[in-house]
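Below are the chains, spelled out letter by letter.
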Amino acid sequence: DAGVIQSPRHEVTEMGQEVTLRCKPISGHDYLFWYRQTMMRGLELLIYFNNNVPIDDSGMPEDRFSAKMPNASFSTLKIQPSEPRDSAVYFCASSLGGLHTFGSGTRLTVV
Amino acid sequence: EDQVTQSPEALRLQEGESSSLNCSYTVSGLRGLFWYRQDPGKGPEFLFTLYSAGEEKEKERLKATLTKKESFLHITAPKPEDSATYLCAVQAIGRLGGGYNKLIFGAGTRLAVHP
């Protein structure tokens, strides 16, 4: 298995632009998580899905953030419009049971 | 509120100098405690899961232990390749007693092992 696949690995965008981050979970995993990591706040859970259904989105910072999981093999995290304070590394993780397997992350820089 | 606190924030060791990292937690009901290792530019990589007080797990130079309030990650005779950030996370039991997969992470301990 190739593990959790995230794209792009790096994204540099201008303030106000729309950004879409993508994630392919491990086949057979029934949970998918989106985390954000910064030096100041560490690893924060944004939202998670169970069987493609959003369960808890209380960590989504603002309405500018949205996430979808149209099927078991794909999820997106969208930021519209992006702001410089959104700059961070965004991780996707999937799990079957408690153990999370993380992707390599997307480093987002908003200038 | 469920919370995880790791200490120290950073630790510098000489090769071969054993030490321990601490993870203190407050959780309404513990389903599991997880240790991850994170290298620069990569996602966290799973090391151990502990489920009940008194449990211990080992992997090479690492040993994780669990009590009702904290977990320790003991590093014996570390090598430079053990340098990384070590993250602790807890998974709480759901309010209805069922599975609850959300992990709450601590801020991590940055470990540097010098030759």
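In what follows, the structure referred to is the one given above.
Residues numbered from 1 in each chain as written. Chains lettered and ligands numbered in written order. Predicted model: local features only at pLDDT ≥ 70, side-chain atom pairs only at ≥ 80, totals over all residues. Heavy atoms only, no water.

Regarding the interface of chain B and chain A
Here's step 1: Between chain B and chain A, the contact holds 15 residues from the first and 18 residues from the second.
Here's step 2: For the pairing of chain B and chain A, the buried interface totals around 1400 Å² over both sides, and the portion due to carbon and sulfur atoms is 57%.
Here's step 3: The largest per-residue losses of area from chain B upon contact with chain A belong to Asn-101, Lys-102 and Phe-105 of chain B, which jointly make up 37% of the total buried on that side.
Here's step 4: A salt bridge links Lys-102 of chain B to Asp-56 of chain A; the shortest N-O distance between them is 3.6 Å. (Contact = heavy atoms within 4.5 Å. Buried area = accessible area lost by both parts, 1.4 Å probe. Salt bridge = Lys/Arg side-chain N within 4 Å of Asp/Glu carboxyl O.)

Considering the state of the cysteines
Here's step 1: Scanning the entire structure with this criterion turns up 2 disulfides over all chains.
Here's step 2: The partner cysteine of Cys-23 of chain A in its disulfide is Cys-92 of chain A, sulfur to sulfur 1.9 Å. Between Cys-23 of chain A and Cys-92 of chain A, the S-S dihedral sits near -65°, and the bridge is therefore left-handed. One end of the pair, Cys-23 of chain A, is in strand β3 (residues 19-24); the other, Cys-92 of chain A, is in strand β9 (residues 88-95), and 69 residues separate them in sequence. The residues Cys-23 of chain A and Cys-92 of chain A share a single accessibility class, namely buried.
Here's step 3: The disulfide bridge from Cys-23 of chain B ends at Cys-88 of chain B, spanning 1.9 Å between sulfur atoms. One disulfide, between Cys-23 of chain B and Cys-88 of chain B, carries an S-S torsion of -60° and so falls in the left-handed class. Here Cys-23 of chain B is found in strand β3 (residues 19-26), whereas its partner Cys-88 of chain B is found in strand β9 (residues 84-92), with 65 residues between them in sequence.
Here's step 4: Its relative accessible area of 0% is what places Cys-23 of chain B among the buried residues. (Disulfide = S-S within 2.5 Å. Helix = DSSP H or I, 4+ residues; strand = E, 2+ residues; numbered from the N terminus. Buried < 20%, exposed > 50% of the residue type's maximum accessible area, 1.4 Å probe, protein only.)

With respect to the packing of aromatic side chains
Here's step 1: Evaluation of the coordinates by the stated rule reveals 11 aromatic pairs over all chains.
Here's step 2: Judged by centre distance (5.2 Å) and plane angle (20°), the ring pair of Phe-33 of chain A and Tyr-48 of chain A falls under stacked. Here Phe-33 of chain A, found in strand β4 (residues 31-38), pairs with Tyr-48 of chain A, found in strand β5 (residues 42-50); they are 15 residues apart in sequence, far enough to count as distant. Note on accessibility: Phe-33 of chain A and Tyr-48 of chain A belong to one class, buried.
Here's step 3: Measuring from centroid to centroid gives 5.6 Å for Phe-102 of chain A and Tyr-36 of chain B, while their planes differ by 85°, and the two rings are edge-to-face. (Phe/Tyr/Trp six-rings, centres within 6.5 Å; stacked < 30°, edge-to-face > 60°.)

Some details on the side chain of His-29 of chain A
Residues and elements named next belong to chain A.
Here's step 1: Note on placement: His-29 falls in the loop between β3 and β4.
Here's step 2: In this structure the side chain of His-29 is engaged in a polar contact, spanning 2.7 Å, whose partner is the side chain of Ser-94.
Here's step 3: One polar contact links the side chain of His-29 to the main-chain amide nitrogen of Ser-95, over a distance of 3.3 Å.
Here's step 4: Setting aside residues up to four positions removed in sequence, His-29 forms contacts with Ser-94, Ser-95, Leu-96 and Thr-101. (Polar contact = N/O pair within 3.5 Å; in protein donor to acceptor, adjacent residues only side chain to side chain.)

Observations regarding the sheet that holds β3 of chain A
Sheet strands associate in pairs through backbone hydrogen bonding, adopting either a parallel or an antiparallel arrangement.
All names here are of chain A.
Here's step 1: Ordered by their spatial adjacency, 4 strands build an open sheet running β1-β3-β8-β7, and the pairing between neighbours is antiparallel. Either end of the sheet is taken by a strand with one partner, and the two such strands are β1 (5-7) and β7 (65-71). Pairs of neighbouring strands in the sheet enclose a mean axial angle of 15°, with direction left out of account.
Here's step 2: As paired strands, β3 and strand β8 (residues 74-79) are joined by 5 bridges and run antiparallel to one another. (Pairing = 2+ DSSP bridges. Axes fitted to C-alpha atoms, helices over the stretch in contact; angles between N-to-C directions.)

Let's talk about the nonpolar core
Here's step 1: Ranked by size, the top nonpolar core spans 25 residues in total, and within it Leu-33, Trp-35, Leu-73 and Tyr-86 of chain B carry the most contacts.
Here's step 2: Residue assignment for this core shows that the elements contributing at least two residues are β2 (10-14), β3, β4 (30-38), β5 (45-50), β7 (62-66), β8 (70-75), β9 and β11 (109-114) of chain B.
Here's step 3: Per element, the largest residue contribution to this core is 5 residues, and it comes from β9 of chain B.
Here's step 4: Dropping the residues within four chain positions of it, Leu-73 of chain B is found in contact with Ser-19, Ser-20, Leu-21, Trp-35, Phe-48, Leu-62, Lys-63, Ala-64 and Tyr-86 of chain B.
Here's step 5: If you look at the next biggest cluster of nonpolar residues, it comprises 21 residues, including Ile-26, Leu-32, Met-60 and Tyr-90 of chain A. (Core = buried A, V, L, I, M, F, W, Y, C linked by side-chain atoms within 4.5 Å.)

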